[in-house]
Amino acid sequence: MATDSAMFASSRRRQSPSLEAFLSPVNLSDVPLLQTLSSISSEILSCFSNARFSFQRRNTRSLIRKVQVFAVLLQHLAPESSLDPTAVLCFKELYLLLHHSKFLLRYCAHSSKLWLLLQSPSLSSFFHDLSKDYSTLLDVLLPAESLCLNDDVREQVQLLHMQHYVDDNSDETLRNKLYSFLDEFENGSVPNSEELRFFFFEKLAIKDPTSYREEIEFLEEQIKSHGCDLDPTRSVINGFIDITRYVMFLLFKIEDGNEIKKQRKRLISEEIENTFTTTLPKDFICSISLNLMNDPVIISTGQTYDRSSIARWIHQEGRSTCPKTGQKLVDLSFVPNLALRHLTTLWCQVTGLSHDSPKESLPKVFQTRASTEANKATLSILVQNLAHGSELAAGEIRVLTRTVTETRTLIVEAGAIPYLLRLLKSENATAQENAVASIFNLSIDEANRSLIMKEHDCLEPIMSVLVSGLTMRAKEIAAATLYTLSSVHDYKKAIANADGCIEALALVLRNGTVRGKKDAVYALHSLWLHPDNCSLMVKRGGVSALVGALGEEAVAEKVAWVLGVMATESLGAESIGREETVVTGLMELMRCGRPRGKEKAIATLLQLCTAGGAVVTEKVVKTPALAVLTRKLLLTGTDRAKRKAVSLSKVCKGCDQKTQR
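- The name given to the protein in an unreviewed UniProt entry is RING-type E3 ubiquitin transferase, with Brassica campestris as the source organism.
- If you open the UniProt record of the protein and go to Pathway (unreviewed entry), you find "Protein modification; protein ubiquitination."
- We quote the UniProt Catalytic activity (unreviewed entry) comment for the protein here in full: "S-ubiquitinyl-[E2 ubiquitin-conjugating enzyme]-L-cysteine + [acceptor protein]-L-lysine = [E2 ubiquitin-conjugating enzyme]-L-cysteine + N(6)-ubiquitinyl-[acceptor protein]-L-lysine."

As structure tokens, then:
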């Protein structure tokens, strides 16, 4: 349906596709053309004659009736008829009209109800234009003598020709009512709950939570897919999304929406597993970098590339042509290829490969007062449920804080933090994970960090999840939460001194997933930056855990950088230098890492020699193959790596001279 919506939007902007585009695969000799028309009309009737249309009912019925009459006409044309040139042109035009009819009927049958209501004026205009095109066609076709129609068929066609397009105002009435709810929220008041129930439940027949979620997802997809080219605007659509979400929670008990999504994802993953082999599909590969696309985007020529690669091609290398087709780019903007990104992410999950796909959330949309007020009303319901011990409410708050970032401040203002902290002690693994993820999402906003830390004894439940959480994922999110909270300097010492904090972060670094290891590295680095925490980090195993992580390919570069920062302090350099594997780990990164990784490794080795004293320096200098790897970096490394290699060579030379004396 996202494709249909995109086509509909583009068809508003451009003229209809050319006749050649539609007819290119069809033999245009008379008999195959008539057979093709008969086949298309039969297909339309079989698909849509019994379909239930929520909106544009009069227009869809009228259009289906037109197709029925033309189907009868086509059946009564003898296959061997010799059509005159005028009739042939008319039937070619009919081919286009039938395709337009099929598309429009499919669009009305499968789009979301709210979207169809919002698009009512445009859709009515489409039906009106299509009706005029059919009338014009009949003006030319009916006088054609080569048709040889019998009286009954000719009478049906003439009756069809005499019909006039009549606007159906019922949809517009509903559309105005929907906008009236938006206006009420915009004016700072919450619409009457009974009126909302009657409109959504009775008039729109959206009668279960799953249907509400599908409506919301459909509208969100329009915002993601269409960018700024939307009517109504993204802000207005966003307001209707927020109102629909409020009505869902107003009318129904909170359900486990995350579980529903997981089931869908599981089914899609199974389908991918059955469809693709473990070989990387070529459509997932960026033709510039020849690597898996992490963030696929579409450029103006219609080709898809990884965002970083095409951005470098255009902005850094100054090119203005498509890498694949050579066409000049008329527009240098990018459109996210969400469908392909979703497929690559799922394929990586199925095959077990890591994938640094950007987090999916709505593009930044200006928040109207209507959106804010609707979100406040929604959060009031959710926080009330939290206060009464609802574990499912935490899942909904987790989703909102991740996808609708503007709600983070509102959630804190609604008083959700103490209830979320209480849920961290839950024996339900899902509830615990949702609660800690919600707190983490809230802590992303700098203003919320002090509000979280001001809650009485807030660190204790977060630490309990980090140390003994019910799942590794919950522990990892707790580590990420401590990292964001510790970004405020005043909180670093309290966090580091919490019982078991550094030891638990070290365990996540050793045993967690790639994402969890990264969060643990960031958290340990953040805690080190407070001078009172350095000795604690050494004593409680934080330094040892970081050195051990040099052997983890996914985090080795980050760890090397962190160790380099820590080595600027003599305590850090000496404690790192005492670790048996640190030099070999950094050397391995110099040997096999990426250019930036090699640069960080040699910079850290140099820093260890500079601040670690004679013992550490001797340990580094006496390592076999150091000279070889240093010379290699002098030739092939980055500019910074070359400078560090020169400095390290001087250190080695100085040590050799001292030894000879």
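1. Observations concerning the overall build of the protein
Reasoning step 1: Regarding its fold elements, the protein presents 35 helices and three strands.
Reasoning step 2: Here the protein holds 661 residues, and the buried ones make up 49% of them.
Reasoning step 3: Long-range pairs, those at least 24 residues apart, make up 71% of the contacts in the protein with a sequence separation of at least 6.
Reasoning step 4: When the accessible surface of the protein is totalled, it reaches about 31800 Å², and 51% of it is carbon and sulfur.

2. Structural notes on the packing of aromatic side chains
Reasoning step 1: For the structure shown, the criterion picks out 10 aromatic pairs.
Reasoning step 2: With a centroid separation of 6.4 Å and an interplanar angle of 50 degrees, the aromatic rings of W115 and F218 are classed as tilted. With W115 in helix α6 (residues 113-118) and F218 in helix α11 (residues 209-226), this residue pair connects regions lying 103 residues apart in the sequence. There is no split in this pair, since W115 and F218 are both buried.
Reasoning step 3: By way of ring pairs, the aromatic residues F181, F199, F200, Y212 and F252 are connected into one cluster.

3. Overview of a positive patch on the surface
Reasoning step 1: Together, R52, R57, R58 and R61 make up a positively charged patch on the protein surface.
Reasoning step 2: When you line up the elements, R52 lands in the loop between α3 (30-48) and α4 (57-75).

4. Notes on the side chain of D242
Reasoning step 1: Here D242 is to be found in helix α12 (residues 234-251).
Reasoning step 2: Its relative accessible area of 1% is what places D242 among the buried residues.
Reasoning step 3: Of note is the side chain of D242, whose polar atom sits 2.9 Å from the side chain of R245.
Reasoning step 4: Ignoring anything within four residues of it in the chain, the contact list for D242 reads Q367, S371, A374, N375 and T378.

5. A few points about the pattern of salt bridges
For side chains bearing opposite charge, pairing can occur when the charged atoms are close.
Reasoning step 1: Summed over the entire model, instances satisfying the criterion amount to 23 salt bridges.
Reasoning step 2: Note that R473 and E476 form a salt bridge whose closest N and O atoms lie 3.1 Å from each other. With R473 and E476 both in helix α23 (residues 472-486), this residue pair falls three residues apart, about one helical turn.
Reasoning step 3: With a relative accessible area of 1%, E476 lands in the buried category.
Reasoning step 4: Between K622 and E618 there is a salt bridge, with its nearest N and O atoms 2.6 Å apart.
Reasoning step 5: Judged by relative accessible area, K622 falls into the exposed class, the value being 59%.
Reasoning step 6: Exposure remark for E618: the relative accessible area of 40% places this residue in the partly exposed category.
Reasoning step 7: Each of E194, R197 and E202 takes part in a single network of salt bridges with overlapping partners.

6. Comments concerning the nonpolar core
Reasoning step 1: By size, the foremost hydrophobic cluster in this structure holds 176 residues, and its most contacted members are F91, F200 and L546.
Reasoning step 2: Broken down by element, the residue count for this core peaks at 13 residues, all from helix α5 (residues 85-110).
Reasoning step 3: Mapping this core onto the domain boundaries places at least three of its residues in each of domain 1 (19-167) and domain 2 (541-660).
Reasoning step 4: In terms of nonpolar packing, the next biggest core, distinct from the first, is built from 16 residues, F284, W313, L329 and F334 among them.

7. Regarding the side chain of T630
Reasoning step 1: Mapped onto the fold, T630 is located in helix α34 (residues 626-636).
Reasoning step 2: Side-chain polar atoms of T630 contact the backbone oxygen of L626, separated by 2.7 Å.
Reasoning step 3: Here T630 is in contact with M590, I602, A645, L648 and S649, once residues within four sequence places are set aside.

Calculation criteria
- Residues numbered from 1 in each chain as written.
- Predicted model: local features only at pLDDT ≥ 70, side-chain atom pairs only at ≥ 80, totals over all residues.
- Heavy atoms only, no water.
- UniProt positions renumbered as here; feature names shortened; annotations may be inferred.
- Helix = DSSP H or I, 4+ residues; strand = E, 2+ residues; numbered from the N terminus.
- Buried < 20%, exposed > 50% of the residue type's maximum accessible area, 1.4 Å probe, protein only.
- Contact = heavy atoms within 4.5 Å.
- Areas by Shrake-Rupley, 256 points an atom, 1.4 Å probe, with all protein chains shown as cover.
- Phe/Tyr/Trp six-rings, centres within 6.5 Å; stacked < 30°, edge-to-face > 60°.
- Patch = residues over 30% accessible without salt bridge, like charges linked within 9 Å, V, L, I, M, F, W, Y side chains within 5 Å.
- Salt bridge = Lys/Arg side-chain N within 4 Å of Asp/Glu carboxyl O.
- Lys, Arg positive; Asp, Glu negative; His and termini not counted.
- Charge placed at Lys NZ, Arg CZ, Asp CG, Glu CD.
- Polar contact = N/O pair within 3.5 Å; in protein donor to acceptor, adjacent residues only side chain to side chain.
- Core = buried A, V, L, I, M, F, W, Y, C linked by side-chain atoms within 4.5 Å.
- Domains from an automatic or database assignment.

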